[in-house]
Amino acid sequence: MILIYSTFPSLNSAKNVSELLLEKKLIYCANFWMHNSLYLGKTSENLDYNEKVLKEIDDGENRIITSYEVGVIYKTSTENWSELCNLFSEIHPYSTPILLKLTVEELNSEFGECLKNHGFK
């Protein structure tokens, strides 16, 4: 089993992508939470409706931006990693989405059986 972490600009976009992944049986489940993010952005970028510039950085190209995002943790099997990466590049609303793979070392046997019963290794 692996966990995959990603972020989305809205709950609606996170749910839409997650429903597609569930329909394709690429994930077993998705967990969502809204949070505030800080990141470096280019001055020339257009800001999304939920972004706000907090601070310009002296180099003239970067600025610190705050934004509300939705974080998602997906539960799936290692075998789905490549297909998920390929699909995300096509369907994710961000031009450069994060897809972070976390390998699970141990898992309780009851949940492991549940995953197997749904076709996940």
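Scroll up to find the structure.
Residues numbered from 1 in each chain as written. Predicted model: local features only at pLDDT ≥ 70, side-chain atom pairs only at ≥ 80, totals over all residues. Heavy atoms only, no water.

Enquirer: Looking at this structure, how should I read helix 1 (residues 11-23)?
Expert: Working note: α-helix, 3.6 residues per turn, so residues spaced by three or four point in the same direction. In this model, helix 1 (13 residues) spans 18 Å end to end at C-alpha, consistent with the 18 Å of a helix rising 1.5 Å per residue. Among all positions in helix 1, only Ser-13, Ala-14, Val-17, Ser-18 and Leu-21 are buried. One face of helix 1 carries all of its buried residues, which in axial projection span an arc of 125 degrees. Of the exposed residues in helix 1, the ones pointing more than 90 degrees away from its buried face are Asn-12 and Glu-23. Among the residues trailing helix 1, Lys-25 stands out with phi positive, at a value near 55 degrees. (Helix = DSSP H or I, 4+ residues; strand = E, 2+ residues; numbered from the N terminus. Expected span 1.5 Å × (residues − 1). Buried < 20%, exposed > 50% of the residue type's maximum accessible area, 1.4 Å probe, protein only. Arc of directions from axis to C-beta.)

Enquirer: For this particular structure, what's the right way to read the nonpolar core?
Expert: Among soluble globular proteins, nonpolar side chains are generally buried collectively. The biggest cluster of nonpolar side chains holds 15 residues, and the ones touching the most others in it are Phe-8, Leu-21, Val-72, Tyr-74, Leu-84 and Phe-88. Residue assignment for this core shows that the elements contributing at least two residues are strand 1 (2-8), helix 1, strand 4 (62-76) and helix 2 (81-91). Excluding its chain neighbours within four sequence positions, the residues that come into contact with Tyr-74 are Ile-2, Leu-3, Ile-4, Phe-8, Ala-14, Val-17, Ser-18, Leu-21, Ile-27, Cys-29, Ala-30 and Phe-88. (Core = buried A, V, L, I, M, F, W, Y, C linked by side-chain atoms within 4.5 Å. Contact = heavy atoms within 4.5 Å.)

Enquirer: Looking at this model, I keep getting lost on the packing of helix 1 against helix 2. Mind explaining?
Expert: Each pair of packed helices gets described by two things: the angle between the helix axes and the distance between those axes. Close contact between helix 1 and helix 2 brings their axes to 12 Å; oriented N to C, the two are set at 140 degrees. Note that helix 1 runs across helix 2; the crossing there is right-handed. Of the residues in helix 2, those in contact with Val-17, Leu-20 and Leu-21 of helix 1 are Leu-84, Leu-87, Phe-88 and Ile-91. Class assignment of the residues belonging to the contact of helix 1 with helix 2 gives a composition of seven nonpolar, no polar and no charged. (Axes fitted to C-alpha atoms, helices over the stretch in contact; angles between N-to-C directions. Left-handed = near helix turned anticlockwise from the far one by under 90°. Nonpolar A, V, L, I, M, F, W, Y, C, P; charged D, E, K, R; others polar.)

Enquirer: How should I be thinking about the packing of aromatic side chains in this particular structure?
Expert: Think of a pair of aromatic rings as described by two things: how far the centres are apart, and how the planes are tilted against each other in angle. The tally for this structure, following the rule as stated, stands at five aromatic pairs. Relative to Phe-120, the ring of Tyr-28 has its centre 6.0 Å away and its plane inclined at 80 degrees; by these criteria the two rings are edge-to-face. Of this pair, Tyr-28 sits in the loop between helix 1 and strand 2 (29-42) while Phe-120 sits in the segment after helix 3 (109-117); the two residues are 92 residues apart in sequence, bridging distant segments of the chain. Since its relative accessible area comes to 7%, Phe-120 is described here as buried. Every member of this aromatic cluster is reached through a ring pair, and the members are Phe-8, Tyr-74 and Phe-88. (Phe/Tyr/Trp six-rings, centres within 6.5 Å; stacked < 30°, edge-to-face > 60°.)

Enquirer: Even after reading the chapter, I still don't get the side chain of Thr-76, so can you show me in this structure?
Expert: Following the sequence through the fold, Thr-76 ends up in strand 4. The exposure class assigned to Thr-76 is buried, which follows from its relative accessible area of 1%. Polar side-chain contacts of Thr-76 include one of 2.5 Å to the backbone oxygen of Leu-26. Setting aside chain neighbours within four positions, we find Thr-76 in contact with Met-1, Ile-2, Ile-4, Leu-26, Ile-27, Leu-84 and Phe-120. (Polar contact = N/O pair within 3.5 Å; in protein donor to acceptor, adjacent residues only side chain to side chain.)

Enquirer: Sorry, what's going on with the state of the cysteines here?
Expert: Throughout this description, disulfide means a covalent bond between two cysteine sulfur atoms. Per the stated rule, a full pass over the model turns up zero disulfides. Free of any disulfide, Cys-85 has its nearest neighbouring cysteine sulfur in Cys-29, separated by 18 Å. Unpaired in terms of disulfides, Cys-114 finds its nearest cysteine sulfur in Cys-29, a separation of 8.9 Å. (Disulfide = S-S within 2.5 Å.)

Enquirer: Got a minute to help me understand the side chain of Ser-37 in this structure?
Expert: Residue placement: Ser-37 occurs in strand 2. The class of Ser-37 is buried, set by a relative accessible area of 11%. In terms of polar contacts, Ser-37 uses its side chain to reach the side chain of Glu-69, at 2.6 Å.

Read these as spatial facts, not as claims about activity.
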